[in-house]
Amino acid sequence: MTSSTHAPRITLVAGARPNFMKVAPVLKALEHRANVTLVHTGQHYDDQMSGSFFRDLEIREPDVSLGIGSGSHAQQTAGVLVAFERHLTEAAPDAVVVVGDVNSSMAATLAASKLGIPVAHVEAGLRSRDWAMPEEINRVVTDRLSRWLLTTSADADANLLAEGEPPSKIHLVGNVMIDSLLSRLEAARSAAVQVRAELNLDGAYSVMTLHRPSNVDEPDTLRALMSAVTSGADGSVVVFPVHPRTRYRLLDANVNVPRSMVLVDPLPFTAFIGLVDGARFVVTDSGGIQEETSVLGIPCLTLRTSTERPVTCTLGTNELVGTDPDRVEAAVASATTRDRAPANIPLWDGRAAERVADVLLHDLTDG
Ligand code: UD1
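Note that this is a predicted model, so its numbers are computed, not measured.

Reading the values: the criteria
Residues numbered from 1 in each chain as written. Predicted model: local features only at pLDDT ≥ 70, side-chain atom pairs only at ≥ 80, totals over all residues. Heavy atoms only, no water. Near = heavy atom within 4 Å. Polar contact = N/O pair within 3.5 Å; in protein donor to acceptor, adjacent residues only side chain to side chain. Areas by Shrake-Rupley, 256 points an atom, 1.4 Å probe, with all protein chains shown as cover. Helix = DSSP H or I, 4+ residues; strand = E, 2+ residues; numbered from the N terminus. Nonpolar A, V, L, I, M, F, W, Y, C, P; charged D, E, K, R; others polar. Expected span 1.5 Å × (residues − 1). Buried < 20%, exposed > 50% of the residue type's maximum accessible area, 1.4 Å probe, protein only. Arc of directions from axis to C-beta. Contact = heavy atoms within 4.5 Å. Lys, Arg positive; Asp, Glu negative; His and termini not counted. Salt bridge = Lys/Arg side-chain N within 4 Å of Asp/Glu carboxyl O. Pairing = 2+ DSSP bridges. Phe/Tyr/Trp six-rings, centres within 6.5 Å; stacked < 30°, edge-to-face > 60°.

Q: I'm lost on the site of the ligand in this one. Help?
A: Near the ligand there are 19 residues, and of these Gln 43, Tyr 45, Asp 46, Asn 103 and Glu 135 occur at the shortest range. Glu 135 places a polar side-chain atom, nitrogen or oxygen, 2.6 Å from an oxygen atom of the ligand. Across the complex, the protein chains shield 88% of the 760 Å² of accessible surface that the ligand would expose by itself. Among the elements of the structure, helix H1 (17-31), helix H3 (73-91), helix H5 (134-145) and helix H10 (244-252) are those that each provide at least two residues to the shell around the ligand. Top contributing element to the shell around the ligand by residue count: H10, with three residues. Class assignment of the residues belonging to the shell around the ligand gives a composition of six nonpolar, nine polar and four charged.

Q: I tried to follow H5 on my own but got confused; where do I start?
A: Since there are 3.6 residues in each turn of an α-helix, residues three or four apart along the chain are aligned in direction. Its 12 residues give H5 an end-to-end C-alpha distance of 17 Å, which sits within 8% of 16 Å, the value for a rise of 1.5 Å per residue. Among the residues making up H5, those that are buried are Glu 135, Glu 136, Asn 138, Arg 139, Thr 142 and Asp 143. Along the axis of H5, the buried positions cluster into a sector of 160 degrees, meaning they face one direction only. Looking at the packing, one finds that the buried side of H5 touches strand E4 (95-99), helix H4 (103-114), strand E5 (119-124), strand E6 (148-151) and helix H6 (154-162).

Q: It is not clear to me how unusual backbone geometry should be interpreted in this structure. Could you clarify?
A: Peptide bonds are, in most cases, trans, and in most cases residues other than glycine have a negative phi. The phi dihedral of Arg 129 is positive, around 65 degrees, even though this residue is not glycine. Checked against the element boundaries, Arg 129 lands in the loop between E5 and H5. Relative accessible area serves as the criterion here: at 58%, Arg 129 is assigned to the exposed category. A positive phi angle is found at Asp 234, which is not glycine, with a value near 55 degrees. Here Asp 234 lies in the loop between helix H9 (219-232) and strand E9 (237-241). Take Asp 234: its relative accessible area is 68%, and that puts it in the exposed class.

Q: Is there a simple way to think about the side chain of Asp 179 in this case?
A: Tracing the backbone shows Asp 179 in helix H7 (residues 176-198). Despite its burial, Asp 179 pairs with no opposite charge, the nearest such side chain being Arg 355 at 6.0 Å. Once residues within four sequence positions are removed from consideration, Asp 179 is found in contact with Pro 25, Gly 350, Arg 351, Ala 352 and Ala 353.

Q: Is there a simple way to explain the pairing of E9 in this structure?
A: Sheet faces and side chains relate simply in a regular strand, where the side chains alternate between the two faces. Where burial is concerned, most of E9 is hidden: four out of the five residues are buried. Pairing of E9 with strand E10 (residues 261-264), which is carried by four bridges, proceeds in the parallel orientation. Across the sheet, the residue bridging to Val 238 is Met 261, located in E10.

Q: Can you walk me through the packing of aromatic side chains in this structure?
A: Here a ring pair, both rings aromatic, is described through the centre-centre distance and the interplanar angle of the planes. Inspection of every chain in the model, using the stated rule, returns two aromatic pairs. Relative to Phe 53, the ring of Phe 20 has its centre 6.3 Å away and its plane inclined at 45 degrees; by these criteria the two rings are tilted. You can see Phe 20 sitting in helix H1 and its partner Phe 53 sitting in helix H2 (residues 47-56), a full 33 residues away along the chain. An identical accessibility class is assigned to Phe 20 and Phe 53; each is buried. Ring geometry for Phe 20 and Phe 54: centres 5.1 Å apart, planes at 70 degrees, overall edge-to-face. With Phe 20 in helix H1 and Phe 54 in helix H2, this residue pair connects regions lying 34 residues apart in the sequence. As far as the burial class goes, Phe 20 and Phe 54 line up, both buried. Within the aromatic cluster, the residues linked to one another by ring pairs are Phe 20, Phe 53 and Phe 54.

Okay, here's the thing in structure tokens:
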């Protein structure tokens, strides 16, 4: 923990895998200007989903671990609410910073708001308008309660303004996850050489990730999607790093894996980015991967009917394909012929976390 008599005290919250690549640059940018306490809620807790990311992204050990673990949405949310309130009561920070849209971010925001502690939301304003996504509920609640709305793109600003947020709360800072991507790109390309060797990938390959309940919880749906992707890829290898939720479903239902699909454990950030960087195309239902592929210029097929990140479709490489297996197969077949085309999205320049720190430090220290 960095300490200085006049430095503001800030609690930064990390909870689940997609948080860690956002927390790393924000922590780095804040640490020499504020007294930062890093709290890990423990929503993701094992080495593959958490520990390896802390090592890979060089995030220091958390100052506080809440140890919440898995459970239903209510259990996770309630666990963070109670434990984080206890932390806040003891630490009494000047501000709390949360990133992204996971249950931990929303619960931490709620606990802080009830204690009158202002919250900064990094990645505010994204909207899929799909209320069946738990993340959409988390995004809306977190934004409504936050004092600082730090956004990645102009469409997020427009969403917040349309919901009645005053312009003074909204700050377009860019994409902190892209800070992590750009700072690790060289290391990622080196790591990829080893990953490709381990997987015997000597020709063209693609990458797939699926973990959304709507795509993986029903074995027939999962089976049909896997088969549509491999048929569309016409025998070329599809590497599938498998999220724990998906792994449980595959094992539970004894789902057959198509021959050209290679299942691997979740990869650390740097190795994953390296693998994506060398892929012909990516098939995913993740939010963050739509952004990473856009910056890398790799064609991305998103197996969802909506996205909270429309800028990845308008300026990036993302295509919303939906989940109809025939349409997925056709989209994959056509992606095999698409060229690499890196996107240039305003403020996705590797310096977003510095702008986050500038906004917060300006307000917390009166200039
Ligand atoms: C959570 C986030 C989602 C994010 C995803 C990325 C919410 C609402 N969802 O969904 O936005 O895209 O993480 O990974 O916050 N598990 C492990 N080890 C772990 C963590 C989880 O084995 O370290 C298992 C759990 O036991 C559970 C499953 O993975 O069975 C799902 O984990 P959970 O955190 O509940 O939700 P995700 O589907 O990962």
